Amino acid sequence: MKLEILSLLEKNSRMTDAEMATILAADAGAVASAVHELEADGVIRGYNALIDWEKFGQEMVTAYIEVRVTPQRGQGFDKVAERIYQFPQVQACNLMSGGFDLFVVVEGRTMKEVALFVAEKLAPIDSVLSTATHFVLRKYKDRGVLFGQQHKDEREAVVL
Amino acid sequence: MNLKDMLRRNVVDTPPSGIRKYFDLINEMKDAISLGIGEPDFETPWSVREEGIWSLEKGKTHYSSNAGSVELRQEICRYLKSRFSLQYDPVHEVLVTVGGSEAIDLALRVLVGPGDEVLIPEPCYVAYKGCTLFTGATPVPIPLKAENRFRLQPEELLAAITPRTKVLLLGYPNNPTGATMDREDYVRLVDVLKDRDIIVISDEIYAELLYQGKHASLAEFPEMRDRTVLVSGFSKTFAMTGWRIGYVCCHPDLMEQMKKIHQFAIMCSPTTAQYAAVEALKNGRPDVERMVAEYNRRRRLMVDGFRKVGLDCFEPYGAFYVFPDVRKSGLNSDQFCERLLLEEKVLMVPGTAFGDCGEGFARATYATSLENIREALFRIGRFMEKMLG
Ligand SMILES: Cc1ncc(COP(=O)(O)O)c(C=O)c1O
């Protein structure tokens, strides 16, 4: 049941325990306690809204930054990663396989703000060898949801 | 010349689908929620669409063989065997049609004509009666009961049979009730049917949209196999309504004649759709499971919602319809649906569109988003409060 609860909440975190219980043909109390456990165990890390800032009229830029670093003795990449992800501007930070090491997602209000962050905070870190910054120009789909035009039901009224 | 005098009487006299008038109303409304459309809201799985596109890019734009491409017919047989343990020969017993719709029409056309009776358990899909009337045969409705969860009972069948009965037209899982028939239900029908000269046309287009138990078919009974015409297709299972592709399976003696009509009247089913359908059967299973899981969630929300606002309904185990009893509102089917649409902008279809015995009921489909269902139920609740005073 937990798996199903997670898949429902992942799509719509505002769904109530009672509604989930109905949808999953489960006991409402059991759903509530399962959700509680998932929160307590840290499986559910938070609930947030997926916002189309552009639509709201708020300027917001996202940059994907490839970072190459020298791993440190005894600590591998963890220590550098930690130095990087502490910055509130950093939305995500992942260790990658392939041509670079860390993939960092940074959000800011303007390109300049993000570029300055990279130049002044990220690049100067001791073990950082190089950075390559890619700005998002248009968001088509994020976390499974299409951005841009709203989906419209175009089914024709037929006779069946 | 008066053109109207040139027309065949039985075509002119067949009424158009009763659903139409509501759709005309809703088209002019803003913020209306339709629980009226009987087709998947999902788009065809991407890999299936992609296969169709690929076939076009490759220039596969010609006719296929009349009965449908060999590969598709083989895949259909493989699928029917592995999913439902039904065995058909791809060469002599399968025909790829323009939707299940064409299959129903073909089967009726080769079997019945003036003087013959076609038993049609109701409420049922709107085309059964119309297609029967076009052949000149007489549709004989068998009114099913809500207390039997709209399953056909052997007594009901027996009582409707006359010396002129030639065909029984069954559709389970059912549109509009969502009713299903278990193997045990069929066992009791087989007793009635096996020694009579009656052919069963079994419309199993919703076989995959099943939320409880295992799909059963009359064709799986050895004594019924050769007297059953199995109709199915891709529209509902794979969300492929617009591709217009389905199929029919039956004994070669019947098939030969159906093929002949198909050959002259249709040539072959759309080739692009045939390529896409092969992909659907080969690799579409995870997509079907995903859609069925989602329908099931919506189904539970909808059934629960109707019951909470005082509209009784039995729990439907198939298709994507709920068929609540709306009599508590103090209105008949037509009034209920009309007022619900005008006052709350929610479209349901009156049960009477699916046969006279649908009076007192209305059909709602959950082939729409959870958000829509939630909002529609809220509005229906408000409407019911008003009705109950
Ligand atoms: C019971 C039933 N049979 C057959 C059909 C026809 O489906 P298609 O011609 O798209 O295969 C429908 C469509 O709504 C249906 O509900």
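Rules used throughout
Residues numbered from 1 in each chain as written. Chains lettered and ligands numbered in written order. Predicted model: local features only at pLDDT ≥ 70, side-chain atom pairs only at ≥ 80, totals over all residues. Heavy atoms only, no water. Pairing = 2+ DSSP bridges. Helix = DSSP H or I, 4+ residues; strand = E, 2+ residues; numbered from the N terminus. pLDDT = per-residue confidence, 0-100. Near = heavy atom within 4 Å. Polar contact = N/O pair within 3.5 Å; in protein donor to acceptor, adjacent residues only side chain to side chain. Areas by Shrake-Rupley, 256 points an atom, 1.4 Å probe, with all protein chains shown as cover. Domains from an automatic or database assignment.

Residues and elements named next belong to chain A. Where strand 2 (residues 90-95) meets strand 3 (residues 102-108), five bridges bridge the pair, whose relative direction is antiparallel. Counterpart to Ala92 in the pairing with strand 3 is Val105. Here strand 2 folds back onto strand 3 in antiparallel fashion, the turn holding six residues, of which Gly98 has a positive phi close to 100 degrees.

For the rest of this paragraph, the subject is the confidence of the model for chain A. On average, residues of chain A score 90 in pLDDT, and 98% of them reach the 70 mark or higher. Taken element by element, the predicted model of chain A shows its lowest mean pLDDT in strand 6 (residues 145-146) of chain A (84) and its highest in helix 3 (residues 28-40) of chain A (96).

Looking now at the confidence of the model for chain B. For chain B, mean pLDDT is 96; residues scoring 70 or higher make up 99% of the total. Across the interfaces of the predicted complex, the ipTM metric reaches 0.73, alongside a pTM of 0.88.

The next thing to look at is the site of the ligand. Taken together, 14 residues lie near the ligand, and B:Gly100, B:Ser101, B:Asp203, B:Ser235 and B:Lys236 sit nearest. Around the ligand the close residues trace back to chains A and B. Between the ligand and B:Ser235, the relevant distance is 2.6 Å, taken from an oxygen atom to a side-chain nitrogen or oxygen of the residue. Across the complex, the protein chains shield 97% of the 390 Å² of accessible surface that the ligand would expose by itself. A per-element tally of the shell around the ligand places helix 5 (residues 99-111) of chain B first, with three residues.

Glancing now at the domain arrangement of chain A. For chain A, the assigned domains are domain 1 (2-40) and domain 2 (53-137). Taken over C-alpha atoms, the centre of domain 1 of chain A sits 34 Å from the centre of domain 2 of chain A.

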